[in-house]
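An overview of the molecular structure
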Amino acid sequence: MLEINNIVTGYGDMKVLDGITLSVAEGETVALVGSNGAGKTTLLRAISGLIPVWSGNITFNGQDTTKLPAHELPALGIAHIPQGRGVLAQVSVYDNLLLGAYIPSAKSRREESLKEVFKIFPILEEKKTHLGGSLSGGQQQMLAIGRALMSHPKLMILDEPSLGLAPIVVDSVFKIIKDISAQGVSILLIEQNLVEALAVSSRGYVLETGRIALQGKSADLFNNDAVRAAYLGL
Amino acid sequence: MGTGIFLQTTLNGLMIGGVYALVAVGLTLIFGVMKIVNFAQGEFVMLGMYISWMLAHFAGIGPYEGLAISAVIMFLIGYLVFRLLIVRVIGKKDEEFILLTLGLSIFLQNAILMIFSADYLTVTSSMKDSALSFADLTLTLPRIIAFSVALTAVAVLTFLLQKTDTGRAMRACAESREIATVLGINPMRSFTLAFCIGIALAGIAGVLLTPMFYVYPGVGTLFNTTAFVVVVLGGMGSVPGALLGGLIIGIVESLTGSYVSLDLSQLGTFVIFLIVLFFRPSGLFGKRT
Ligand SMILES: Nc1ncnc2c1ncn2[C@@H]1O[C@H](COP(=O)(O)OP(=O)(O)OP(=O)(O)O)[C@@H](O)[C@H]1O
Ligand SMILES: [Mg+2]
């Protein structure tokens, strides 16, 4: 479904990603782990078209998206939940959700989508008139995920959804990710929280300073000594 | 008698304040969505006045009858200016839009000077001298119309921003171009629309003012200063702030003009401006940082 082919990119003339090849198959949940500054967010920004790719290419369902303007990607079925959740702080919860269904294919069925999202996250219905910025961190993450669901994506990309959340909230976020995956949505999950990320995914990649250092089945990665040493201090 | 004059002056100021609000709402919309301060906003008020004059002079269409035509023409002028000039400075350093819009302001003044000379032109309307009276208060029809149309325009814009998908998209862009983009919004579309609407509002204000003001190439500078004061007073980027700010400045200016001195009418404006900013540095409706 998503094929990333040997891409190189960065900011200005600083190279951040040096030949990344990665794929996500239909219905699959893939974890991408790596330490601070490894280039995880940069990779997501390249996938979403927010920064230009220097070389290599990206295809989504067979279509080359490398040079497409970023705002055309959601209509293809890609929902990107940015690092820090990307909730619009000055916009009401309700309007945040409606904006999730901005693309034409989602707009036509947004009333039912809204009902579904409120069923998954009752708190969002309770707080629908509140500003996005007034929600707690966990609620904002729910809003970000709910908003992404409003677009009925084929692929959901999440950038460190557990960042800054209380452990109990982290658990519920990962449970939600599992539920979404169970509905057939492909997921690319960026995490520093290795244990949880490998637990919900079937395959994983380890990114180190702009290169894929390791890849494989999540279970194998989890038992890999180098991974355990680097990320779990074992 | 004293209170009568006071009320009359306040009311006159309120009516003009509506027009100030309209100019400022356009300015604050452009700033809010695009993060660009349009230093030529007053010159678009001036263009609106000249369009109104031309419609009257060449086609015999009065300012109010031609309001919709003028608004559409101004919207299109806004589009042209956006495509030719403004696109070049979006997302660039602040100096770039400052130089561009300041330059545009000088260019527009001189272009109009060249075409129409520095003569003071007037536009009359059959309604010019009609007035409504109650008790010992009198309001001329042009003031009432200017105020009502201005408030209606602000109300329509507020509805657009709050209740339509186009408006939500503009608010999303105002907050984060990047978040808007990942939601499938084309920020350039929102920018274009915000700019064109902002210019159209300035143009409408110009048209509404023609029955009350002389039309000349430098008339826009009056409104430039006032519009900036109003926008900062209300909180940069806030539409309700610009509305309230416009009404306040209209009243203060009118009161200072009649109780202190006509020459000093802007003084009161700046005093209020400083007082408000002293207590609320980010303006009446500004987001505190
Ligand atoms: N907008 C930017 N301009 C310039 N350099 C940047 C920018 N964003 C990130 N970088 C640099 O690119 C490198 C990779 O950053 P990136 O944000 O992709 O890392 P990350 O893996 O997502 O880290 P984290 O886990 O902290 O989110 C870092 O060295 C960072 O300093
Ligand atoms: Mg990151």
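Digging into empty space enclosed by the protein
As enumerated under the stated definition, the model contains 2 cavities of 30 Å³ or more in all. For the largest cavity, the calculated volume is near 130 Å³. In this structure, the largest cavity is lined by 15 residues; those nearest its centre are Ala79, His80 and Ala148 of chain A together with Val182 and Leu183 of chain B. Broken down by secondary-structure element, the contributors of at least two residues to the lining of the largest cavity are strand S6 (78-81) and helix H6 (137-149) of chain A. Of all the elements, S6 of chain A adds the most residues to the lining of the largest cavity, at 4 residues. Across the lining of the largest cavity, the residue classes tally to 10 nonpolar, 3 polar and 2 charged. Approximately 40 Å³ is the volume found for the second largest cavity. Forming the boundary of the second largest cavity are Ser48, Ala70, Leu73, Pro74, Ile78 and His80 of chain A together with Val182 of chain B.

Some words on the site of ligand 1
All names here are of chain A. What surrounds ligand 1 is a group of 14 residues, the closest being Lys40, Thr41, Thr42, Glu160 and Gln192. Lys40 has a polar side-chain atom sitting 2.7 Å from an oxygen atom of ligand 1. Separating an oxygen atom of ligand 1 from a side-chain N or O atom of Thr42 is a distance of 2.5 Å. Protein coverage of the free-state accessible area of ligand 1, which is 630 Å², stands at 61%. Within the residue set of the shell around ligand 1, elements represented by two or more residues are strand S2 (14-24) and helix H1 (40-47). For the shell around ligand 1, the leading source of residues is H1, giving 3 residues. When the residues that make up the shell around ligand 1 are grouped by side-chain class, the tally is 4 nonpolar, 8 polar and 2 charged.

Digging into the coordination of the magnesium ion (ligand 2)
Taken together, the protein ligands of the magnesium ion (ligand 2) are Thr41 of chain A (OG1) and Gln83 of chain A (OE1), with distances of 1.8 to 2.0 Å. Placement of Thr41 of chain A in helix H1 and of Gln83 of chain A in the loop between S6 and helix H2 (93-100) is noted, with a sequence separation of 42 residues between them.

Remarks on the side chain of Thr65 of chain A
Residue and element names in this part refer to chain A. Note that Thr65 resides in the loop between strand S5 (63-64) and S6. The exposure class assigned to Thr65 is buried, which follows from its relative accessible area of 4%. Setting aside anything within four residues of it in sequence, one finds Thr65 in contact with Ile58, Thr59, Phe60, Leu73 and Leu76.

With respect to the pattern of salt bridges
Going through the model one piece at a time under the given rule, you end up with 11 salt bridges over all chains. Its salt-bridge partner being Lys107 of chain A, residue Asp165 of chain B comes within 3.7 Å of it at the nearest N-O pair. Residue Asp165 of chain B is found in helix H6 (residues 165-175), and its partner Lys107 of chain A is found in helix H3 (residues 104-107); the two belong to separate chains. Lys107 of chain A gets classed as partly exposed once you look at its relative accessible area, which sits at 29%. Note that Asp179 of chain A is salt-bridged to Lys175 of chain A, the shortest N-O span being 3.2 Å. Placement of the pair is Asp179 of chain A and Lys175 of chain A together in helix H7 (residues 167-182), with a separation of 4 residues, close to one helical turn. Look at Asp179 of chain A and you get partly exposed, because its relative accessible area is 37%. Put simply, Asp95, Lys107 and Arg110 of chain A together with Asp165, Arg168 and Arg171 of chain B are held in one network by salt bridges that share partners.

Things to note about the sheet that holds S2 of chain A
Residue and element names in this part refer to chain A. Strand order in the open sheet formed by 4 strands is S2-S1-S4-S5, and the pairing between neighbours is antiparallel. Lying at the two open borders of the sheet, with one neighbouring strand each, are S2 and S5. Those strands touched by H1 are strand S1 (2-11), S2 and strand S4 (55-60), and its axis lies near 115° from that of S1.

Some remarks on the interface of chain B and chain A
Counting residues at the interface gives 18 residues for chain B, matched by 22 residues for chain A. Counting each side, the surface lost to burial between chain B and chain A is near 1,900 Å², with a carbon and sulfur contribution of 61%. In this structure, Asp165 of chain B engages Arg110 of chain A in a salt bridge whose closest nitrogen and oxygen atoms are separated by 2.8 Å. Ranked by residues supplied to the side of chain B that touches chain A, first place goes to H6 of chain B with 6 residues.

Section: unusual backbone geometry
Residues and elements named next belong to chain A. In the Ramachandran plot, Arg85 falls in the positive-phi region, its phi being about 80° despite a non-glycine side chain. Its identity as a non-glycine residue notwithstanding, Glu160 has a phi of 50°, on the positive side. Relative to the helices and strands, Glu160 resides in the loop between strand S7 (155-159) and H7.

A short note on the sheet that holds S6 of chain A
Hydrogen bonds between backbone atoms are what pair the strands of a sheet, whose relative direction is either parallel or antiparallel. Residue and element names in this part refer to chain A. If you trace the 6 strands from one edge of the open sheet to the other, you get S6-S7-S8-S3-S9-S10, paired in mixed fashion. Looking at which strands have only one partner, the edges of the open sheet turn out to be S6 and strand S10 (211-217). Taken pair by pair, the neighbouring strands of this sheet meet at an average axis angle of 15°, ignoring direction. The pairing of strand S9 (residues 203-208) with S10 spans 6 bridges and is antiparallel. Of the residues in S10, the one forming a bridge with Arg203 is Lys217.

Some remarks on the domain arrangement of chain A
Interface size is commonly expressed as the accessible surface area that is lost when the partners come together. Residue and element names in this part refer to chain A. For chain A, the assigned domains are domain 1 (1-77 + 153-234) and domain 2 (86-152). Computed from C-alpha coordinates alone, the two centres of domain 1 and domain 2 are separated by 23 Å. Listed per partner, the contact involves 13 residues of domain 1 and 11 residues of domain 2. Counting each side, the surface lost to burial between domain 1 and domain 2 is near 960 Å², with a carbon and sulfur contribution of 81%. It is Pro153, Met156 and Ile176 that lose the most area in domain 1 upon contact with domain 2, and together they represent 42% of the buried surface on that side. Viewed at the interface, domain 2 and domain 1 are joined by 0 salt bridges. At the junction of domain 1 and domain 2, the tally comes to 0 residue pairs in polar contact (both at pLDDT 80 or more). Listed by contribution, the elements that provide at least two residues to the side of domain 1 that touches domain 2 are S7 and H7. Its residues placed into classes, the side of domain 1 that touches domain 2 shows 11 nonpolar, 1 polar and 1 charged.

Criteria and thresholds
- Residues numbered from 1 in each chain as written.
- Chains lettered and ligands numbered in written order.
- Predicted model: local features only at pLDDT ≥ 70, side-chain atom pairs only at ≥ 80, totals over all residues.
- Heavy atoms only, no water.
- 1 Å grid on protein atoms, 1.4 Å probe; cavity = no way out; pocket = protein on both sides within 12 Å on 5 of 7 lines; lining within 4 Å.
- Points joined across faces, edges and corners; volume = space filled by probe spheres on them.
- Helix = DSSP H or I, 4+ residues; strand = E, 2+ residues; numbered from the N terminus.
- Nonpolar A, V, L, I, M, F, W, Y, C, P; charged D, E, K, R; others polar.
- Near = heavy atom within 4 Å.
- Polar contact = N/O pair within 3.5 Å; in protein donor to acceptor, adjacent residues only side chain to side chain.
- Areas by Shrake-Rupley, 256 points an atom, 1.4 Å probe, with all protein chains shown as cover.
- Donors = N, O, S within 2.8 Å, 3.2 Å for Na, K, Ca; no water.
- Buried < 20%, exposed > 50% of the residue type's maximum accessible area, 1.4 Å probe, protein only.
- Contact = heavy atoms within 4.5 Å.
- Salt bridge = Lys/Arg side-chain N within 4 Å of Asp/Glu carboxyl O.
- Pairing = 2+ DSSP bridges.
- Axes fitted to C-alpha atoms, helices over the stretch in contact; angles between N-to-C directions.
- Buried area = accessible area lost by both parts, 1.4 Å probe.
- Domains from an automatic or database assignment.

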